[in-house]
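For reference, the chains in residue letters:
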Amino acid sequence: MPRPAALPPALAALLASVAAQPARWRWQLDDAAAPQPMTPALQQWLRRFDAATMGRWRTPDNAAAPPANARVLRLTREAEAALVLQLGDDGAWFAPAGQAALGAADAAALRRALDDATR
C-alpha cells in the first residue's frame, strides 16, 4: 500500500500565495462561464481542504483517476492556470501531484462546503 504523503509542495506554495495575495487570484467551478474573484469564503474552504487532505496524499503513480462526476475547481493567478483540484465521492485530486484519499463523509462535507463557498 502506498504511503500517504504531506501536502504536495506545489499545492502548499499555491495555497500560501492565495493566502498572501488573494486579489491576484480567480476561481472557476466546473464549467462556469468566467473566473470569479477570490473570496474570503473560498479562502476558508481552501484552508478546510488543506486540513482534510493533510497527510493523505499519494503519488501520481499510485493514484486512481478522478471519477467523471468529480467537482473541478480551477484557480488562476493573473490569467495563468495555476491549479486544478478535483473532488470526488471519496477523494481529492491535484494534477500532477496525486490523490488524497478521503472518507465518503469527509468528501461529501467538502463538496457541500465548496458549493456554499462558491455561491
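Residues numbered from 1 in each chain as written. Predicted model: local features only at pLDDT ≥ 70, side-chain atom pairs only at ≥ 80, totals over all residues. Heavy atoms only, no water.

Student: Give a detailed account of the overall build of the protein, specifying residues and quantitative values.
Tutor: In terms of helices and strands, the protein carries three helices and seven strands. Listing every helix and strand of the protein by position from the N terminus yields α-β-β-α-β-β-β-β-β-α. Per-residue burial over the protein gives 38% buried out of 119 residues. Across the protein, contacts joining residues at least 24 apart in sequence account for 62% of those joining residues at least 6 apart. Carbon and sulfur atoms make up 55% of the accessible area of the protein, which amounts to about 6,500 Å² in all. (Helix = DSSP H or I, 4+ residues; strand = E, 2+ residues; numbered from the N terminus. Buried < 20%, exposed > 50% of the residue type's maximum accessible area, 1.4 Å probe, protein only. Contact = heavy atoms within 4.5 Å. Areas by Shrake-Rupley, 256 points an atom, 1.4 Å probe, with all protein chains shown as cover.)

Student: Quick rundown of the environment of Trp 93? Include the residues and the values.
Tutor: Among the secondary structure elements, Trp 93 is positioned in strand β6 (residues 91-94). Taking the relative accessible area as the measure of exposure, Trp 93 reaches 6% and is therefore buried. Each C-alpha atom of the pair Trp 93 and Thr 53 lies 10.0 Å from the other, and the pair is 40 residues apart in sequence. Trp 93 has contacts with Trp 57, Ala 64, Ala 65, Pro 66, Pro 67, Val 84, Leu 85, Gln 86, Gly 88, Gly 98 and Gln 99, leaving out every residue within four places of it along the chain.

Student: With reference to specific residues and values, describe the sheet that holds β6.
Tutor: The strands making up a sheet associate through backbone hydrogen bonding, with each pair oriented either parallel or antiparallel. An order of β2-β1-β4-β5-β6-β7-β3 is seen for the seven strands of this open sheet, with the pairing classed as antiparallel. The open sheet has two edge strands with one neighbour each: β2 (36-37) and β3 (57-58). Pairing analysis gives five bridges linking strand β1 (residues 25-29) to strand β4 (residues 71-77), with the strands arranged antiparallel. Paired with Leu 29 across the two strands is Leu 73, which belongs to β4. On top of the sheet, helix α1 (residues 9-20) reaches β1, β3, β4, β5 (80-87) and β6; it is set at about 110 degrees to β5, its chief contact. Across the face of the sheet, helix α3 (residues 104-117) comes into contact with β1, β4, β5 and β6 while running at roughly 55 degrees to β4. (Pairing = 2+ DSSP bridges. Axes fitted to C-alpha atoms, helices over the stretch in contact; angles between N-to-C directions.)

Student: Explain the packing of α1 against helix α2 (residues 40-53) to me, and be specific about the residues and the numbers.
Tutor: Two elements in contact, α1 and α2, have axes separated by 11 Å at closest approach and are oriented at 155 degrees. Taken as axis vectors, α1 and α2 run roughly antiparallel relative to one another. Of the two possible hands of crossing, α1 and α2 adopt the one that is left-handed. Residue-level contacts link Leu 11, Leu 15, Val 18 and Ala 19 of α1 to Gln 43, Leu 46, Phe 49 and Asp 50 of α2. Along the lines of polarity and charge, the residues of the contact of α1 with α2 split into six nonpolar, one polar and one charged. (Parallel < 35°, antiparallel > 145°, perpendicular 65-115°, else oblique. Left-handed = near helix turned anticlockwise from the far one by under 90°. Nonpolar A, V, L, I, M, F, W, Y, C, P; charged D, E, K, R; others polar.)

Student: Which residues make up the confidence of the model for the protein, and what values go with them?
Tutor: Residues with a pLDDT of 70 or more make up 88% of the protein, whose mean pLDDT is 85. β3 is the least confidently modelled element of the protein, averaging 81 in pLDDT, while α3 averages 95, the highest of any element. (pLDDT = per-residue confidence, 0-100.)

Student: How would you sum up the pairing of β5? Please name residues and give values.
Tutor: Looking along a regular strand, one sees the side chains alternate between the two faces of the sheet. In the sheet, β4 pairs with β5 via seven bridges, with the strands oriented antiparallel. Within β5, the residue paired with Arg 74 across the bridge is Val 84. Counted between consecutive antiparallel strands, the loop separating β4 from β5 contains two residues, among which Glu 78 sits at a positive phi close to 50 degrees. In the sheet, β5 pairs with β6 via three bridges, with the strands oriented antiparallel. Looking across to β6, one finds that Leu 87 is bridged to Ala 92.

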